[in-house]
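Analysis of the macromolecular model
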Amino acid sequence: MSTSKLPDRAQYVIIGGGIVGCSVAYHLTKLGCSDVVVLEQGQLSCGTTWHAAGLVGQLRSQPAMTNLIRYSTQLYSELEAETGLATGWMQCGSVTVARTDDRMTMLLRTAAAARAQGVEVEVLNAQQAKEKWPVMQVDDIKGGLWMPGDGKANPTDLTQSLAKGARMGGAKVIEGIKVTDITSDCGRVTGVQTDHGYIEAEVVVNCAGQWARKLGLMCGVNVPLHSAEHMYIVTEQIEGVRPDLPVLRDPDGYIYFKEETGGLVMGGFEPEAKPWGMNGIPDKFEFSLLPDDWEQFEILLENALIRVPELGEVGVRKFYNGPESFTPDNNYLLGEAPELKNFFVGAGFNSMGIASAGGAGRALAEWIVQGEPTSDLFAVDIRRFAGFNNNPTWLHDRVKETLGLHYAMPWPNRELDTARPFRRSPLYDRLAAKNAVFGSKMGWERANWFALDGQKPETVYSFARQNWHDAVAREHKAVREGVAIFDQSSFAKLLVQGRDACAELNRICAANIDVDVGTTVYTGLLDARGGYESDLTVLRLKRDEFLLITGSAQAVRDADWLRKNFAEDAHVFLTDVTSAWSVLAVMGPKSRDVLRKVTKCDLTNEAFPFGTVQEIDLGYSTVWANRMTYVGELGWELIVPVEFAVGAYEDLMEAGQEFGITDAGYYALDGLRLEKGFRAWGRELTPDITPIQAGLSFAVDFKKPCGFIGKDALLAAKDDPDHLKTRIIQLVLDDSDAQLWSGEAVLCNGAEVGEVRSAGYGHTLGAAVALAEIHAEVPVNAQYLREGVFEVDLAGKRVPAKAYLRTPYDPKSERVRQ
């Protein structure tokens, strides 16, 4: 144990002295929190950090994640001046090259996204790429990207510098101390037991890297990560390799290079990784490596010899095989655990720990101090996973694929293939027999589209139109002109009960949910800044009983948000009943005709108006029928007990034969909702967007006596003329053949002003449709749209578009949930 004595108590105890733990400690002290203790079982950086390659690339697919890494680069460039300890930071830039036309298209899309996010970028031809990185051969190269703001750092030095900065702010760092237990009381963490005694704590932060999952299990917290072997070599000196040589990424070959002492570090992310640590991670795995595995490394070495033939003539100084932890979706885990109050996690960095640590450490420290995230962190929020995601067998099989995602082609709508099927609706086999092509959301197998007769039920990925375009057009047409049925059983469903249920929900929800029994209300859940924590539908089933229907990925997050905002003494109970109910959405102008054949319920507008819910008979089934739509047509969402789902589906399909009923999938659903301009949480609706900016003020009740979370911020925003400089708008392309996918840059009068958040093809409108987030220098209003010339950057080609605040499609059709 280091010389620092273990105190009896501390306000903040951080477990793990890698770069992430030290960054959290550093940033807590920057926020004025000096009562911080870092516990490290070995020495600082001895786990994963020390053998990291140290690459720092700024751009990520989500702007919020890019902003975190841009902050990291700023911090790393300034830290040495603050602490006096070198970090090895060098802004050497990076070159990424493409071997194929598809990869070049992806790089052109990346360049557009970078410009939209304010990241400096330059598109290169093959010769220009070689000029930036003269050691490589480029005969097979289509082109590349130059990102001058990227760089590299020395992971161990950087960790020591952050630790010193934390100590300068009052934090204590104790090495050589092992955590043996986490204590809690009444659902709140209370302290940490170690092999050198007990320390009481108000907040415990799990930054234990590969050991984070085991640490979570000590206190009933799920930390879904699994280790995999990550390999690289360090060569002898190579002529022409200089210290300021940029980082080189060749994703088609799964490889990267950086300079080190006149030679090259060459590593990569092979398509099928090698999991490690299935029987647990040894406690004393300090500054340790695994045996060399040249067979596993062969695919990387073969590709490296193509890019740098001279590698065949130089020696290898060192082979590094260092295990790192990976998550099921290749994004790290951040935030307060939903299972235990004041227990936070920062782990599972998927070989991105060095690049991410600065921004992630600051974001987690702010979350800890302020009680909620200060920006949109859903991509890394630990609450995006549930307990079933922590299954070790499932994690083992999934991590084989996630390591390789770093350099796999990021096709639009790409689905992961491993560890599936996972969760299945009662209709899974029936839909599969009808040529359904499934995607996965929160583990659920969901029908994305249905192959046409004679068509292979398999998605062929492309940046242009994909092979399902015509099949989805048929489903789309059926909803607009006839009737279709969607299996939406993956919807998360939360049952809220108790004599205080109404009062508590009404205080949390932006809309007024104190309505008549049998009424359905669409509402946002807002944070104190007025941004969206979620949006959902509230069904008042009884006086003291409400069913909340929310997005498939939001069950854990929404339940956690509600529970944390319920008053401690309130008589209110929340139960996740997702798995108890299926949802069959019958949508289209002929939906009433179909339902009339299987129910005795009066379905007229007078007896069953929009925005109401009733319990009805449906063949032999008794179901809740909710008259609500996410496609903009007449329809009902039927909430069916799972044991009746198959029977209800069969009855509906038989009754609908004469009306041409068909199955439809989520690709059609997305195109239909985009034509109507309906927003989606996690896309258009985020913690950084308010209902005012989203155009959803109709779903906010400013006058209800109890108020709601975020009301003060929204009232201030209404009076702030600058608030609408950020806004969600709808775009329809002029070119009917062009295809949008999301992430594209949006231009107004030739300047980048935002990015596409959701996109699909609007078969009714006859063109690609998008919802975009715009950041302008003036309020984004009707005049701004009218006077602006809008374009979308489609892989370097600017495609004209028309911009709307209100959808151009049929304003008389049914109002949406969102």
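Residues numbered from 1 in each chain as written. Predicted model: local features only at pLDDT ≥ 70, side-chain atom pairs only at ≥ 80, totals over all residues. Heavy atoms only, no water.

Okay, the nonpolar core next. Residues I14, V24, L28, V205 and I368 are the most contacted members of the largest nonpolar core, which totals 50 residues. Of all the secondary structure elements, the ones that give two or more residues to this core are β1 (9-15), α1 (19-30), β2 (36-40), α2 (63-83), α5 (155-168), β11 (197-206) and α8 (353-370). Top element by residues in this core is α8. It accounts for 9 residues. Beyond its immediate sequence surroundings of up to four residues, I14 is in contact with G21, V24, A25, L28, V36, V37, V38, L39, V205 and C207. Residues V192, L215, L225 and I281 belong to the second largest nonpolar core, which totals 35 residues. (Core = buried A, V, L, I, M, F, W, Y, C linked by side-chain atoms within 4.5 Å. Buried < 20%, exposed > 50% of the residue type's maximum accessible area, 1.4 Å probe, protein only. Helix = DSSP H or I, 4+ residues; strand = E, 2+ residues; numbered from the N terminus. Contact = heavy atoms within 4.5 Å.)

With that settled, consider the layout of surface pockets. In this structure, the largest pocket occupies an estimated 830 Å³ of space. Forming the walls of the largest pocket are 36 residues, and the residues nearest its centre are P338, A559, D560, R563 and K564. The greatest single-element share of the lining of the largest pocket, amounting to 6 residues, is contributed by helix α13 (residues 555-565). Residue composition of the lining of the largest pocket, grouped by class: 20 nonpolar, 7 polar and 9 charged. (1 Å grid on protein atoms, 1.4 Å probe; cavity = no way out; pocket = protein on both sides within 12 Å on 5 of 7 lines; lining within 4 Å. Points joined across faces, edges and corners; volume = space filled by probe spheres on them. Nonpolar A, V, L, I, M, F, W, Y, C, P; charged D, E, K, R; others polar.)

Burial runs high along strand β36 (residues 767-775): 8 of the 9 residues are buried. Across 7 bridges, the pairing between strand β33 (residues 726-733) and β36 is antiparallel. Opposite R727, over in β36, you have I774 as the bridge partner. Examined bridge by bridge, strand β35 (residues 751-762) and β36 share 8 bridges and lie antiparallel to one another. Paired with A759 across the strands is A770, a residue of β36. Adjacent in sequence and paired antiparallel, β35 and β36 are bridged by 4 residues, among which G766 carries a positive phi angle near 80°. (Pairing = 2+ DSSP bridges.)

Another point: the packing of aromatic side chains. Tallied over the full model, the rule gives 24 aromatic pairs. Aromatic pair W50 and F287: ring centres 5.8 Å apart, planes at 65°, arrangement edge-to-face. Placement of the pair is W50 in the loop between β2 and β3 (55-56) and F287 in the loop between β16 (275-276) and α7 (294-307), with a sequence separation of 237 residues. For F287, a relative accessible area of 36% gives the class partly exposed. Consider the rings of Y256 and F269, whose centres lie 5.9 Å apart with planes at 45°: the pair is tilted. Here Y256, found in strand β14 (residues 255-260), pairs with F269, found in the loop between β15 (263-268) and β16; they are 13 residues apart in sequence, far enough to count as distant. Of the residues examined, Y256 reaches a relative accessible area of 1% and is grouped as buried. On the basis of relative accessible area, F269 is assigned to the buried category, the value being 5%. Cluster of aromatic residues (ring-pair linked, three or more members): W50, Y232, F287 and Y320. When the ring centre of Y666 is taken as reference, the NZ or CZ atom of R446 above it lies at 3.6 Å. (Phe/Tyr/Trp six-rings, centres within 6.5 Å; stacked < 30°, edge-to-face > 60°. Lys NZ or Arg CZ within 6 Å of the ring centre and 35° of its normal.)

For the rest of this paragraph, the subject is the pattern of salt bridges. Evaluated as defined, the whole model comprises 47 salt bridges. Of the charged contacts, one joins R540 and D514 as a salt bridge, the two residues approaching to 3.0 Å between their closest N and O atoms. Of the two residues, R540 is situated in strand β25 (residues 532-542) and D514 in the loop between α12 (501-508) and β24 (520-526); the sequence distance between them amounts to 26 residues. R540 sits in the buried class, given a relative accessible area of 7%. Counted as one network, the salt bridges with shared partners bring together E336, D381, R383, E533, R557, D560 and K564. (Salt bridge = Lys/Arg side-chain N within 4 Å of Asp/Glu carboxyl O.)

Turning next to the sheet that holds strand β28 (residues 581-587). The strand order across the open sheet formed by 6 strands is β29-β30-β31-β28-β22-β32, and the pairing between neighbours is mixed. Strands at the two margins of the open sheet, each flanked by one partner only, are β29 (613-618) and β32 (662-664). Shown here is a sheet whose adjacent strand axes are inclined to one another by a mean of 30°, direction ignored. Judged from the 3 bridges that link them, strand β30 (residues 621-626) and strand β31 (residues 635-641) form a sheet pairing that is antiparallel. Residue pairing across strands places A625 opposite L638, the latter belonging to β31. (Axes fitted to C-alpha atoms, helices over the stretch in contact; angles between N-to-C directions.)

Applying the stated criterion to the full structure yields 5 cavities of 30 Å³ or more. The space that makes up the second largest cavity amounts to roughly 70 Å³. Forming the boundary of the second largest cavity are S425, Y428, L431, F438, W444, E445, R446, A447, D487, S489 and S490. Counting only elements with at least two residues in the lining of the second largest cavity, the list comes to α10 (428-433) and β21 (444-450). In terms of residue count, β21 provides more of the lining of the second largest cavity than any other element does, 4 residues in total.

This brings us to the packing of α2 against α5. The interhelical angle for the contact between α2 and α5, taken along N-to-C directions, is 55°, at an axis separation of 10 Å. If you check the angle between α2 and α5, you find them oblique. Considering how the two elements wind past one another, α2 and α5 form a crossing that is left-handed. Between α2 and α5, the residues in contact are L75, Y76, L79, E82 and T83 and L158, S161, L162, K164, G165 and M168, respectively. Classifying every residue of the contact of α2 with α5 by side-chain character gives 6 nonpolar, 3 polar and 2 charged. (Parallel < 35°, antiparallel > 145°, perpendicular 65-115°, else oblique. Left-handed = near helix turned anticlockwise from the far one by under 90°.)

The next subject is unusual backbone geometry. Put simply, R420 and P421 share a cis peptide bond, and its omega is 0°. Mapped onto the secondary structure, P421 falls in the loop between α9 (392-402) and α10. We note that N749 has phi near 55°; this positive angle belongs to a residue other than glycine. Of note, N749 is situated in the loop between β34 (745-748) and β35. N749 sits in the exposed class, given a relative accessible area of 53%.

Take α7 next. Over its 14 residues, α7 extends 19 Å from the first C-alpha to the last, a length consistent with the 20 Å expected when each residue adds 1.5 Å. The sharpest bend along α7 comes to roughly 35°, located at L300. Buried within α7 are the following residues: F297, L300, N303, A304 and R307. Considering only its buried residues, α7 is in contact with β4 (94-98), β12 (226-235), β13 (247-250), β14, β15 and β17 (316-326). (Expected span 1.5 Å × (residues − 1). Bend = angle between axes of the 7 residues up to and from the residue.)

Our focus in this paragraph is the side chain of H469. If you trace the backbone, H469 turns up in helix α11 (residues 469-481). With a relative accessible area of 9%, H469 lands in the buried category.

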